[in-house]
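Overview (structure and organization)
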Amino acid sequence: ANYSVVLAENRKLHNELQELKGNIRVYCRIRPFLRGQKEKQTVIEYIGENGELVVVNPSKQGKEGRRSFKFNTVYSPASAQAQVYSDIQPLVQSVLDGYNVCIFAYGQTGSGKTYTMTGPDGASEEDWGVNYRALNDLFRISQMRESTFKYEIKVQMMEIYNEQVRDLLSSDANGLAVPEASMFPVNGTADVLDLMDIGLRNRAKGSTAMNERSSRSHSIITIHVQGKDIKSGSSMHSSLHLVDLAGSERVDRSEVTGDRLKEAQHINKSLSALGDVISALAQKNAHIPYRNSKLTQVLQASLGGQAKTLMFVQLNPEIGSYSETMSTLKFAERASGVELGAARSSK
Ligand code: ADP
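Every value quoted in this text rests on a predicted model; they were computed, and no experiment measured them.

Along the backbone of the protein there are nine helices and 12 strands. Sorting the 347 residues of the protein into buried and exposed places 37% on the buried side. Within the protein, contacts between residues separated by at least 24 positions form 68% of all contacts whose residues are at least 6 apart in sequence.

Structure below.
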């Protein structure tokens, strides 16, 4: 697109945008223990201000059992939705300046992916997740720029289940080719809430237990932004993908058969394909293996190049989740382009 980047309103924002250019960022978020939960032992030993995290193996003593990680940010269990959003706000805003952005939530089922992206069930504004806040913000800023820029915002919602893409905003929600997924113009928050409602209802359709089903599919909300510079007439198109990934937990092959096994294999395949793509991008490889899964195919145009990627890596703090926590962290470490090294000391 022939489009001159809108000058950021202030220096701070401008600097933040510079810093975000072409980057893959990994933000780790640890969910709190849940209300009523009795067992409160954790494997998280240390959370540093500079994105450091130390995890302890509950069955090993001393230095041996400690592993440290470093990400762009680590959020403690006490972090609020508003705080998390304010950190990623510049990234969301950059979509209005013509950048493609993908925001993912990765982690085992129950680690807070949906909480971060959507918020808890029946959330008040204070508890809103990234999805609502991002859309609200895009409207607010696009209106502020109205005298110089004309924006049009459209939304698509899809689900990928067993390598099949389903349109969540259509009534005949069967498998479909991606560009055909219904696209709806939105003119404000009320429209967004309505659409999300429809999408969530369609997601539940055809499955007896919605939570079970949704933890085994990827959901993708795509916000298309079309902008026109009123003075010069030049135009741009960019998009924001908000992706709540299927649960990353390993399924014990000896315990599942039939549909469950098939689901587990599809999830495995697509999450490792995503990991491969992101780590190839982080290492600036010449070949990026987009073709290996539906998920990476759907997102291809928005991963790589000038596009920006942010991954929320969600952790369940409980001791019983130790091995899932470690495999989540290793995925995250690989995605951020950091070589897996030998165990480092905790400080
Ligand atoms: P996932 O989408 O990874 O399966 P959920 O988002 O459903 O996990 O979170 C599991 C449970 O933990 C839910 O009851 C959710 O409300 C709660 N939860 C997750 N993260 C937080 C948080 N940061 N603060 C408070 N409750 C949380």
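Glancing now at the sheet that holds strand E3 (residues 52-56). In a beta sheet, neighbouring strands pair by backbone hydrogen bonds and run either parallel or antiparallel. The sheet built from three strands is open, its strands ordered E2-E3-E4 with antiparallel pairing. The open sheet is flanked by strand E2 (44-47) and strand E4 (66-70), the only strands paired with a single partner. Ignoring which end each strand starts from, the neighbouring axes of this sheet average 20° apart. As paired elements, E3 and E4 share five bridges and run antiparallel to each other. What sits directly across from Val55, in E4, is Arg67.

Below, the discussion takes up the UniProt feature "binding site: ATP" (unreviewed entry) in the protein. With numbering matched to this structure, UniProt assigns "binding site: ATP" (unreviewed entry) to Gly107, Gln108, Thr109, Gly110, Ser111, Gly112, Lys113 and Thr114. When you line up the elements, Gly107 lands in the loop between strand E6 (101-106) and helix H3 (113-117). Residue Gly107 is classed as buried on the basis of its C-beta count, with 29 C-beta atoms lying within 10 Å. The contacts of Gly107, once residues within four sequence positions are left out, are Gly112, Lys113, Ser248, Val313, Gln314, Leu315 and Thr328. Its location among the elements puts Gly110 in the loop between E6 and H3. You can call Gly110 partly exposed: it has 19 C-beta atoms within 10 Å.

What counts, and where the lines are drawn
Sequence order as written defines the numbering, with residues in each chain counted from 1. Side-chain atom pairs in this predicted model are given and counted only at pLDDT of 80 or more, local residue features only at pLDDT of at least 70, and totals for whole chains, interfaces and linings cover all residues. Secondary structure elements are defined from DSSP: runs of H or I of at least 4 residues count as helices, runs of E of at least 2 residues count as strands, and each element is numbered from the N terminus. Exposure classification rests on a simple neighbour count of other C-beta atoms within 10 Å of a residue's own: a residue reaching 20 or more is buried, one at 12 or fewer is exposed, and one in between is partly exposed. C-beta atoms are placed from the backbone. We call two residues in contact when their backbone-placed C-beta atoms lie within 7 Å. When DSSP finds two or more bridges between a pair of strands, those strands are recorded as paired. To get an axis, a line is fitted to the C-alpha atoms, and for a helix only the part in contact is used. The angle between two axes follows their N-to-C directions and goes from 0 to 180 degrees. UniProt positions are given in the numbering used here, feature names are shortened, and annotations may be inferred rather than shown by experiment.

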